[in-house]
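Residue-level listing of the chains:
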Amino acid sequence: MWRVTVTRHLLHSLAICMTLLFVGTTIAQESVSADQDPTTAAALEADAAAAASRDKFRSLDQDVQALKKEVLDLNRDLFLLEEELLFPANSQVAFFISMDVGEYFALDSINLKIDGKEVANYLYTEREVDALMRGGVHRLHMANLKTGDHELIAVFTGKGPNARDYRRGATLTFDKGIGAKYMELEITDRVKKQQPEFVIKDWE
Amino acid sequence: MRIKNVLLGIVCCVISAASLASSGLTGQAAPDFALKSSSGENLRLSEYRGDVVMVNFWATWCGPCRQEMPLLDELYSRYQRVGFSLLGVNIDDDSSKAMDMVDELGVSFPVLFDAHKEVSKLYEVGAMPVTVLIDREGTVRYVHHGYKPGYEDKYLEQIRSLLRE
């Protein structure tokens, strides 16, 4: 009986010790977490500030990008508006230069006259000629012309077959109606005659 | 009265020197042009975009040009490989005289002929020589009217600073 009582006391004491230990550990943990609180809070605040600053920068960057886009759009609109005002579609005439092969002619310059008045005199560099030979088209001149007949004279200067100086003219009388007009001055090779050919085409 | 005249003279000198050092073109996009060169090919300024370009307007009858050209050629030889180009624009009516002078001076930079003075008008050439420095973006940065010994040091400094940009 005495033994049972002692065992019971022992168990009781053990239980109390365990409870005290548990409570102590919990308090200690709580005190530790209470001790850590200020630093954690500061770190969290710093993180939040950094995130806010990042967001702010991102939004600033987006604003700058949007502004840049708006400037580009505005620039494009202004350019188109300027062209529409300076060269109204109804009286607009544009002259383009193209080259097909170009084996018998090395282009140096083109002189363009409309109704006897010189409107363009363009010197072509090696790069520009290369671009034309690769299929590029160059807008040589843009003008406003009244409706009616007009005379176009194009003088092509360069090196012909056997690297001889070559100068040829092409003339065309064209009718400017209502609406824009586009004309192409094409340099081609006439293989049979081994000579270059200069053709003025009217784009309908 | 005499002191007044002297002072007036000094003020005039300072004003004219200041106007010569700057030009209306400074800070503007360099007007584009294409001209026939001494080698026979046509050269266009816009094709040099990305390089620092010096355009030097000169004439055979201009003494300072003769003095300046060999010095410019030295700069050209030194900095050509790092993106510096030099275009000498001759404004004589007769290009054969210019060719003779180029041969005599032995300069290696491209020489262009502006017999019709169209490019000279574009660049408001009112003195001889005129040296224009254009940055990689195609903007006129420095314009020098005339030449005096020592100007080449200024050119050197400006070329180096533009190349560094």
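How each quantity is defined
Residues numbered from 1 in each chain as written. Chains lettered and ligands numbered in written order. Predicted model: local features only at pLDDT ≥ 70, side-chain atom pairs only at ≥ 80, totals over all residues. Contact = placed C-beta atoms within 7 Å. Helix = DSSP H or I, 4+ residues; strand = E, 2+ residues; numbered from the N terminus. Nonpolar A, V, L, I, M, F, W, Y, C, P; charged D, E, K, R; others polar. Axes fitted to C-alpha atoms, helices over the stretch in contact; angles between N-to-C directions. Parallel < 35°, antiparallel > 145°, perpendicular 65-115°, else oblique. Left-handed = near helix turned anticlockwise from the far one by under 90°. Pairing = 2+ DSSP bridges. Expected span 1.5 Å × (residues − 1). Buried ≥ 20, exposed ≤ 12 C-beta atoms within 10 Å, placed from the backbone. Arc of directions from axis to C-beta.

Undergrad: Please set out the interface of chain B and chain A residue by residue, giving values where relevant.
TA: Contact residues are listed per partner, giving eight residues for chain B and six residues for chain A. Of all the elements in the fold, those that place two or more residues in the side of chain B that touches chain A are strand 1 (34-37) and strand 2 (42-44) of chain B. Taken together, the residues of the side of chain B that touches chain A break down into three nonpolar, one polar and four charged.

Undergrad: Explain the packing of helix 2 (residues 63-79) of chain B against helix 5 (residues 151-164) of chain B to me, and be specific about the residues and the numbers.
TA: Residue and element names in this part refer to chain B. Two elements in contact, helix 2 and helix 5, have axes separated by 11 Å at closest approach and are oriented at 25°. Considering their axes alone, helix 2 and helix 5 lie roughly parallel with respect to each other. Taken as a pair, helix 2 and helix 5 cross one another with a handedness that is right-handed. Contacts between helix 2 and helix 5 pair L71, L75 and Y79 from the former with E152, Y155, L156, I159 and L163 from the latter. For the contact of helix 2 with helix 5, the class distribution of residues is seven nonpolar, no polar and one charged.

Undergrad: Any chance you could break down the sheet that holds strand 2 (residues 106-114) of chain A for me, citing the residues and the numbers?
TA: All names here are of chain A. The antiparallel open sheet is built from four strands, whose spatial order is 3-2-5-6. A strand with exactly one partner marks an edge of an open sheet, and here the two such strands are strand 3 (117-123) and strand 6 (165-176). Averaged over neighbouring strand pairs, the angle between their axes works out to 20° when direction is ignored. Here six bridges tie strand 2 to strand 3, and the two strands are oriented antiparallel to one another. Among the inter-strand pairings, L112 is bridged to a residue of strand 3, identified as A120.

Undergrad: Just give me the short version of helix 5 of chain B, but keep the residues and values in it.
TA: Residues and elements named next belong to chain B. With 14 residues, helix 5 extends 20 Å between its outermost C-alpha atoms, agreeing within 8% with the 20 Å of an ideal straight helix rising 1.5 Å per residue. Listing the buried residues of helix 5 in full gives Y155, I159 and L162. Down the axis of helix 5, the sector holding all buried residues measures 65°, keeping them to one side. Structural note: helix 5 exposes D153, E157 and R164 on the side pointing more than 90 degrees away from its buried face.

Undergrad: Give me unusual backbone geometry: which residues, what numbers.
TA: Backbone torsion omega between M128 of chain B and P129 of chain B reads -5°, so that peptide bond is classified as cis. With respect to the helices and strands, the residue P129 of chain B is situated in the loop between helix 4 (118-122) and strand 6 (130-134). Look at D115 of chain A: it is not a glycine, yet its phi comes out positive at around 50°. Following the sequence through the fold, D115 of chain A ends up in the loop between strand 2 and strand 3. For D115 of chain A, a count of 11 C-beta atoms within 10 Å gives the class exposed. In this structure, E124 of chain B is a non-glycine residue whose phi angle is positive, near 50°. Tracing the sequence through the fold places E124 of chain B in the loop between helix 4 and strand 6. With 15 C-beta atoms packed within 10 Å, E124 of chain B lands in the partly exposed category.

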